[in-house]
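If you want the building blocks of each chain, they are given just below.
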Amino acid sequence: MKTIHAAVIGFGFMGKTHTYGYQTIPLFYEPDFNIRLAAVCAGKYEHALAAKERYGFAHAAHNLDEILALPDIDVIDICTPNALHAEAILKALDAKKNIYCEKPVACGEAETKRILAHPNLNKVVTQTVFNNRFLPAAKLAKQLMQQERLGKILSFRTHMIMPSNVDASKPMRWRNSRRAAGGGVLYDLGAHVMDMLTWLAGPVKSVYTKNQTAYARRPDGKGGSVPVDTDDASYSVVTLANGAVGTAEASKLATGTNTDLFIEIHGDKGALKIDFMDPNWLYFYDASAPLKGYLRVETVQDYAGADSFPPPKHPVGWIRGHADALYEFLRAVNENRPASPSLEEGLYVQSVLDAMYRSAEENKEISL
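No experiment lies behind these values; they were computed from the predicted model shown.

(A) Molecular detail of empty space enclosed by the protein. Counted under the stated rule, the structure contains three cavities of 30 Å³ or more. Taken as a whole, the largest cavity holds about 50 Å³ of empty space. Every residue lining the largest cavity is listed: Leu186, Gly190, Val193, Met194, Ser234, Ser236, Ala248, Glu249, Ala250 and Met356. Breaking the lining of the largest cavity down by element, the ones donating at least two residues are helix H9 (190-201), strand E11 (233-240) and strand E12 (245-251). Residues of the lining of the largest cavity, tallied by class, amount to six nonpolar, three polar and one charged.

Below, the structure is given as structure tokens:
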């Protein structure tokens, strides 16, 4: 049985999340391949050493170059801060390694063009980590959209909101800095919002965006303060290529929420909505049904095509979508076939986000 040797680059919250996926996939699915945690690197070498000891990586490295010099690496798993993604992707492509990358794939149009132009991009397996696609309710929603059960799409509303930046005394972190994050909440949460919308309802024609930064400065953790140059919230009117119009919001100023991702799509024959805080159900409205009202369809852990553990009747959790996303990528690597959402798909979402930033800066509607 083939063994896939994976290296995780960056070991903060997402590095730990991906490692959870590698370690639990054999329990969830009993795959026809083995997984080896071959190497890890982090912002500080001591953090890589700690990850090696705690989670069973074979090698702790100082940097990506050291990992690429190892003889047996199949997958480069990128969990670094946003501004470091493009450099890691390009180095991995130079080495012809398969790539699993957190969103956003790149920061800005120039990085996007460099990645898309790389001659090895379509010679390896790549996937963007849009983990919300892989929850069963989202998978069922995709099936309904492919079956055109909603008819002509007319309108939609979607948001991902949380309270992370409400507290003005919260110290500055890398996500509040354009230098490290590339952008603000629009890159961080808006990427999930726009991926879910375009995956289900189709490509974007134009955007009109207003961004908000609640506090001009934040504590630096050393007794002083530093300027904030990223957005805390973003509000957009979006027009799709199919003519549908709706709203998209990404916010870290939503007091009273947790990590609330929501999408609702209306067509002339039906509607659907998913509340990812209640991910065990998909709500579907059939306009032709004799009895009107939303049907609450149970989805729980019904991961189609897999003998999953735990059984489908148990409720699903956030991290389970990450494990399934990674499993689908590793299956593609094992079978040497394209994966989805690919880096190209991630870069398409990136182009929409960058158009939103341009719209906010120029205070006008931007066409894609």
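(B) Main features of helix H11 (residues 343-362). For H11, built from 20 residues, the straight-helix expectation of 28 Å at 1.5 Å per residue is met to within 8% by its first-to-last C-alpha distance of 28 Å. For H11, the set of buried residues is Leu343, Gly346, Leu347, Val349, Gln350, Val352, Leu353, Asp354, Ala355, Met356, Tyr357 and Ser359. Once H11 ends, the next one or two residues include Asn363, with phi positive near 55°.

(C) Main features of the packing of helix H4 (residues 85-94) against helix H5 (residues 109-116). In contact at an axis separation of 10 Å, H4 and H5 are set at 10° when each is read in the N-to-C sense. Comparing the axis directions of H4 and H5 gives the class roughly parallel. Listed contacts from H5 to Ala86, Ile89 and Leu90 of H4 are Glu111, Arg114 and Ile115. Within the contact of H4 with H5, the residues separate by chemical class into four nonpolar, no polar and two charged.

(D) Broad picture of H4. Buried residues dominate H4, accounting for seven of its ten residues. His85, Ala86, Ala88, Ile89, Leu90, Ala92 and Leu93 are the residues of H4 that are buried. In the stretch just after H4, Lys96 is the one whose phi turns positive, near 60°.

(E) Expanded view of the layout of surface pockets. Each pocket or cavity is described by its volume, and for the second largest pocket that value is around 290 Å³. In terms of lining, the second largest pocket is formed by 14 residues, of which the most central are Phe134, Lys139, Asp324, Glu328 and Ser340. At three residues, helix H10 (residues 318-335) tops the list of elements feeding residues into the lining of the second largest pocket. By residue class, the composition of the lining of the second largest pocket is six nonpolar, two polar and six charged.

Basis of the calculations
- Residues numbered from 1 in each chain as written.
- Predicted model: local features only at pLDDT ≥ 70, side-chain atom pairs only at ≥ 80, totals over all residues.
- Heavy atoms only, no water.
- 1 Å grid on protein atoms, 1.4 Å probe; cavity = no way out; pocket = protein on both sides within 12 Å on 5 of 7 lines; lining within 4 Å.
- Points joined across faces, edges and corners; volume = space filled by probe spheres on them.
- Helix = DSSP H or I, 4+ residues; strand = E, 2+ residues; numbered from the N terminus.
- Nonpolar A, V, L, I, M, F, W, Y, C, P; charged D, E, K, R; others polar.
- Expected span 1.5 Å × (residues − 1).
- Buried < 20%, exposed > 50% of the residue type's maximum accessible area, 1.4 Å probe, protein only.
- Axes fitted to C-alpha atoms, helices over the stretch in contact; angles between N-to-C directions.
- Parallel < 35°, antiparallel > 145°, perpendicular 65-115°, else oblique.
- Contact = heavy atoms within 4.5 Å.

In short, shape yes, function no, at least from these values alone.
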